[in-house]
Amino acid sequence: MATIFDRAKALLRYRVGKYDSNAIPQELGIYAHTVAGAQVNEANAMAISTVYACTYKIASTLASLSLDLYLRNGRNVELASNHPSQPVITDMPNASQTAYDFWETIISHAVLNGSGYAIIERDGAGYPRRLLIVDYYEVDRMEADNEEGYIYRVKDYGMVQPENMLEICNLQRKSPIRLHRENLGLAKAAQDFGSSYFGSDGQMTGILSSDQPLKKEQMEVIQGSWNKSSGQGGTKLLPFGFKYSRISISPDEAQFIETRKFQAEEICRIFSVPPALVQLESQTTYNNVEQQNLMFARHTISPWAKRIEAEIDRKLLMESERPQVYSKFNLNDLFRGDMTARATFYREMLQMGVLNINEVRMKEEMNPVEGGDTHTVQVNQIALDRLGAYSDKISSNEQEQRPIEEG
């Protein structure tokens, strides 16, 4: 039987949306989140430059990739451009967002919070009519009493069945910000220290000394007057007998720069983003960056793309059409390399008959040419449908020459 306390918690949860009862004191700022003394949550973590850069890099990269529906018919695959779900996925998910804005937003929610949510509103035939992004803290994912296993409760909207909620999630739906508060807290503390240090609160800039004996009141007046004018330009006048000695403390001596760099690398490790892609490493070469781009594509973007594709297939396609219709990100752009590498790749594909000229031109967004649909192979670039006749001719010539050679 539910107690008054349980009912009060349920009411609070319904009124304010999702919350963590163990984190209420931290969220209200009653005490610091981390040992380093900095308060860290999903909102203020974006003020840490590396967190923002990693989140932006993942979300913007995925949102910029082509995402389409495909129809598989035996061994042939073609774009399902007439599928009812295609406009919602690739063009306009709702009246206020473009497809790029929608995917960038929901993916950034998933990267930061562990899950990103969008309500699926359907037409009379059951196909998605629009996708409405919901803030993470307004969604409560609860266990259901039926065989579905769980259900969503959305603040100011009501209950949403699992098939009508598009959920993009990361590993175990857990926020990396909450899991790695101490790491991020140290980065935030180092950032705050730098602001204080260069704002002169933590830096002693100089010493005033005098060869004359002074009373306490005189010292306080002179010190106050100097501090008041220290932030102003121009020439400053010292009382008779006073000397000013400047003191400079290098940030390197306090390991400030090294601490910030190490914590930035830790954040990159948390989000699985190579440091060079967020402008972190200063000593990088072209080859290093190229390799890190490939690592990012394989080990960061590809897993996220698979998660999103699986959720689209499960929620935005009819069960009866899933074996033939499927969604897919076009990751080819991430593996394209430079012009020389692409030219070598295309040359080999043409010589082996894997691609024809018009398919290569299409990949480079060029118009087709007449005769470019013919597949060729390396032997004098002969057409595939003539390869058999050519092979028979070669064999016939070899047989005719053999008696002459033997004689």
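So, here's what we can say about the structure. Remember, it's a predicted structure, so these values are computed and weren't measured experimentally.

### Focus: helix 11 (residues 339–351)
Then step 1. Over its 13 residues, helix 11 runs 18 Å from end to end, which matches the ideal 18 Å to within 8%, given 1.5 Å per residue.
Then step 2. What helix 11 keeps buried is the set Arg342, Tyr346 and Met349. Buried positions in helix 11, seen along its axis, are confined to an arc of 65° and lie on one side of it.
Then step 3. Packing partners of the buried residues in helix 11 comprise helix 12 (357–363).
Then step 4. Once helix 11 finishes, glycine 353 follows within two positions and takes phi at roughly 80°, a positive value.

### A look at the layout of surface pockets
Then step 1. In this structure, the largest pocket occupies an estimated 1,300 Å³ of space.
Then step 2. Contributing to the lining of the largest pocket are 31 residues, with Tyr70, Asn330, Asn332, Met362 and Lys363 lying nearest its centre.
Then step 3. Residue assignment for the lining of the largest pocket shows that the elements contributing at least two residues are strand 1 (67–73), strand 2 (76–79), helix 10 (286–315), strand 11 (325–329), helix 11 and helix 12.
Then step 4. Here the lining of the largest pocket takes 5 residues from helix 11, the largest share from any one element.
Then step 5. Within the lining of the largest pocket, the residues separate by chemical class into 14 nonpolar, 5 polar and 12 charged.

### Re the sheet that holds strand 6 (residues 150–154)
Then step 1. In spatial order, the strands read 5-6-7; together these 3 strands make up an open sheet with antiparallel pairing. In this open sheet, the two edge strands, each paired with only one partner strand, are strand 5 (139–143) and strand 7 (158–160). For this sheet, the mean inter-axis angle between neighbouring strands, taken without regard to orientation, is 30°.
Then step 2. Pairing of strand 6 with strand 7 involves 3 bridges; the strand directions are antiparallel. Directly across from valine 154, in strand 7, lies its bridge partner glycine 158.

### Points about the packing of aromatic side chains
Then step 1. Using the criterion set out here, one finds 8 aromatic pairs in the structure.
Then step 2. Seen from their ring centres, tyrosine 70 and tyrosine 326 are 5.8 Å apart, and the 25° between their planes marks the pair as stacked. Here tyrosine 70 is found in strand 1, whereas its partner tyrosine 326 is found in strand 11, with 256 residues between them in sequence.
Then step 3. What makes tyrosine 326 buried here is its relative accessible area of 18%.
Then step 4. Between phenylalanine 102 and tryptophan 103, the aromatic rings sit 5.0 Å apart at their centres with planes inclined by 85°, giving edge-to-face as the arrangement.
Then step 5. For phenylalanine 102, a relative accessible area of 0% puts it in the buried group.
Then step 6. Each member of the aromatic cluster is reached from another via a ring pair, and the members are Tyr117, Tyr136, Tyr137, Tyr150 and Tyr152.
Then step 7. The residue whose ring lies beneath arginine 141 is tyrosine 150, and the NZ or CZ to ring-centre distance is 3.9 Å.

### Some thoughts on a nonpolar patch on the surface
Then step 1. Together, Tyr52, Tyr56 and Tyr100 give the surface a local cluster of nonpolar side chains, amounting to about 330 Å² of exposed area.
Then step 2. With respect to the element layout, tyrosine 100 can be found in helix 5 (residues 99–113).
Then step 3. For tyrosine 100, a relative accessible area of 35% puts it in the partly exposed group.

### Quick notes on the pattern of salt bridges
Then step 1. In the structure shown here, the tally under the stated rule is 9 salt bridges.
Then step 2. Arginine 141 is paired through a salt bridge with glutamate 167; the nearest N and O atoms lie 3.6 Å apart. You can see arginine 141 sitting in strand 5 and its partner glutamate 167 sitting in strand 8 (residues 165–169), a full 26 residues away along the chain.
Then step 3. A salt bridge links glutamate 311 to arginine 314, with the nearest nitrogen and oxygen atoms 3.1 Å apart. With glutamate 311 and arginine 314 both in helix 10 and 3 residues apart, this pair spans about one turn of that helix.
Then step 4. Bridged by salt links that share partners, the residues Glu121, Arg129 and Arg130 form one connected network.

### Focus: the pairing of strand 8
Then step 1. Of all 5 residues that make up strand 8, 5 are buried, and the element is covered over most of its length.
Then step 2. A two-sided burial pattern is seen for strand 8, the buried positions comprising Met165, Glu167 and Cys169 on one face and Leu166 and Ile168 on the other.
Then step 3. Pairing geometry for strand 3 (residues 115–122) and strand 8, over 5 bridges, is antiparallel. From the neighbouring strand, tyrosine 117 faces strand 8, where its bridge partner is glutamate 167.

### Some thoughts on the state of the cysteines
What makes a disulfide is a covalent bond joining the sulfur atoms belonging to two cysteines.
Then step 1. What the rule picks out here adds up to 0 disulfides.
Then step 2. Cysteine cysteine 268 shares no disulfide, and the gap to the nearest cysteine sulfur, in cysteine 54, comes to 4.1 Å.
Then step 3. For cysteine 268, a relative accessible area of 2% puts it in the buried group.

### Things to note about the pairing of strand 11
Then step 1. Most of strand 11 sits out of view: 4 of its 5 residues are buried.
Then step 2. Pairing between strand 1 and strand 11: 5 bridges, direction antiparallel. Bridging across to strand 11, leucine 69 finds its partner in serine 327.

What counts and what doesn't
- Residues numbered from 1 in each chain as written.
- Predicted model: local features only at pLDDT ≥ 70, side-chain atom pairs only at ≥ 80, totals over all residues.
- Heavy atoms only, no water.
- Helix = DSSP H or I, 4+ residues; strand = E, 2+ residues; numbered from the N terminus.
- Expected span 1.5 Å × (residues − 1).
- Buried < 20%, exposed > 50% of the residue type's maximum accessible area, 1.4 Å probe, protein only.
- Arc of directions from axis to C-beta.
- Contact = heavy atoms within 4.5 Å.
- 1 Å grid on protein atoms, 1.4 Å probe; cavity = no way out; pocket = protein on both sides within 12 Å on 5 of 7 lines; lining within 4 Å.
- Points joined across faces, edges and corners; volume = space filled by probe spheres on them.
- Nonpolar A, V, L, I, M, F, W, Y, C, P; charged D, E, K, R; others polar.
- Pairing = 2+ DSSP bridges.
- Axes fitted to C-alpha atoms, helices over the stretch in contact; angles between N-to-C directions.
- Phe/Tyr/Trp six-rings, centres within 6.5 Å; stacked < 30°, edge-to-face > 60°.
- Lys NZ or Arg CZ within 6 Å of the ring centre and 35° of its normal.
- Patch = residues over 30% accessible without salt bridge, like charges linked within 9 Å, V, L, I, M, F, W, Y side chains within 5 Å.
- Areas by Shrake-Rupley, 256 points an atom, 1.4 Å probe, with all protein chains shown as cover.
- Salt bridge = Lys/Arg side-chain N within 4 Å of Asp/Glu carboxyl O.
- Disulfide = S-S within 2.5 Å.

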